[in-house]
Amino acid sequence: MVYDNIVLIGFMGSGKTSVGKTLARYLHKDFVDVDSVIEKELGASINDIFKDKGEEYFRDLEQKSINEITKKKGQVIATGGGLPIHSTLPKNSLVVYIDADFDVILNRLSQKEHAKRPLLQDEERARSLYAERINTYKELATLSVDANQKIQIFIHVIVDFILDQRVL
Ligand code: S3P
């Protein structure tokens, strides 16, 4: 086994959670969503954590959570969009960048999903955050997938890569 875990990175709303669940099902692996782990641990939504405790506190939780989660191996892990920007990713993970255009993300997100994301509320700010982050996502990625299409179209790119290379 070359990598311990598969870590999905990418901007908010790019589909990391949906891709992760599908991928885990195909590969018969456990799926873990870092945001959900944090929400469960604190018994609060991401919105409330940002509002009550602030972003810095949340970033600290993200680093602690990813460190804790990756003590186990063989999982598919979806990260929040800011995690690879503010935290160090575990060394021995296969990092997959879920690469979707900003406008595709905005058009695809339901109102409910949009409302869950505090840093997406100001569109211009979110657009510059996207521009600031994409190079880091690309640099960190072992594999980048074009996620402007439906999951069923591109999921096989990730599955084939993993199975061909026997990476997990
Ligand atoms: C964030 C992304 C969110 C969540 C939080 C901050 C970010 O996760 O962790 O709202 O800084 O990009 P998703 O990428 O699942 O939206």
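Before any of the text, the structure's been laid out above.
So, a few notes on the structure that sits alongside this text. (Residues numbered from 1 in each chain as written. Predicted model: local features only at pLDDT ≥ 70, side-chain atom pairs only at ≥ 80, totals over all residues. Heavy atoms only, no water.)

Right, let's talk about the pairing of strand E1 (residues 5–9) for a bit. In terms of burial, E1 is largely enclosed, as five of its five residues are buried. Here three bridges tie E1 to strand E3 (residues 75–78), and the two strands are oriented parallel to one another. Across the sheet, Ile 6 pairs through a bridge with Val 76, a residue of E3. (Buried < 20%, exposed > 50% of the residue type's maximum accessible area, 1.4 Å probe, protein only. Helix = DSSP H or I, 4+ residues; strand = E, 2+ residues; numbered from the N terminus. Pairing = 2+ DSSP bridges.)

In this section: the packing of helix H3 (residues 46–53) against helix H4 (residues 55–69). Describing two packed helices takes the angle between their axes plus the distance from one axis to the other. Contact geometry of H3 with H4 gives a least axis separation of 7 Å together with a crossing angle of 125 degrees. Classed by the angle they form, the pair H3 and H4 counts as oblique. Two secondary-structure elements touch here, H3 through Ile 46, Ile 49, Phe 50 and Lys 53 and H4 through Glu 55, Tyr 57, Phe 58 and Arg 59. A class-by-class count of the residues in the contact of H3 with H4 yields five nonpolar, no polar and three charged. (Axes fitted to C-alpha atoms, helices over the stretch in contact; angles between N-to-C directions. Parallel < 35°, antiparallel > 145°, perpendicular 65-115°, else oblique. Contact = heavy atoms within 4.5 Å. Nonpolar A, V, L, I, M, F, W, Y, C, P; charged D, E, K, R; others polar.)

Here we take up the nonpolar core. The nonpolar side chains of a soluble globular protein tend to be buried with one another. With 52 residues, the main nonpolar core has Ile 6, Leu 8, Phe 11, Leu 23, Val 96, Ile 98 and Ile 158 as its most contacted residues. At six residues, the largest contribution of residues to this core is made by helix H9 (residues 151–165). Not counting residues within four places of it along the chain, the set of residues in contact with Ile 158 comprises Val 19, Leu 23, Val 96, Ile 98, Leu 143 and Val 145. (Core = buried A, V, L, I, M, F, W, Y, C linked by side-chain atoms within 4.5 Å.)

If you trace the backbone, Ser 87 turns up in the loop between helix H5 (83–86) and strand E4 (93–99). The spatial distance from the C-alpha of Ser 87 to the C-alpha of Gln 63 is 5.3 Å, given a sequence separation of 24 residues. Dropping the residues within four chain positions of it, Ser 87 is found in contact with Arg 59, Glu 62 and Gln 63.

The next subject is the packing of aromatic side chains. Applying the stated criterion to the full structure yields five aromatic pairs. Through a chain of ring-to-ring contacts, three or more aromatic side chains come together here, namely Phe 11, Phe 102 and Tyr 130. (Phe/Tyr/Trp six-rings, centres within 6.5 Å; stacked < 30°, edge-to-face > 60°.)

Below, the discussion takes up the side chain of Asp 33. Structurally, the position occupied by Asp 33 is in strand E2 (residues 30–33). In this structure Asp 33 is buried but unpaired, with Lys 21 as the nearest side chain of opposite charge at 7.2 Å. Those residues in contact with Asp 33, other than ones at most four positions away along the chain, are Thr 17 and Ala 78. (Lys, Arg positive; Asp, Glu negative; His and termini not counted. Salt bridge = Lys/Arg side-chain N within 4 Å of Asp/Glu carboxyl O.)

In an α-helix there are 3.6 residues to a turn, and that puts residues three or four apart on one side. The terminal C-alpha atoms of helix H1 (residues 16–27), which comprises twelve residues, lie 16 Å apart, in line with the 16 Å expected from a rise of 1.5 Å per residue. Three or more residues of H1 are buried, namely Lys 16, Val 19, Gly 20, Thr 22, Leu 23, Ala 24 and Leu 27. Backbone geometry just downstream of H1 places His 28 in the positive-phi region, at approximately 55 degrees. (Expected span 1.5 Å × (residues − 1).)

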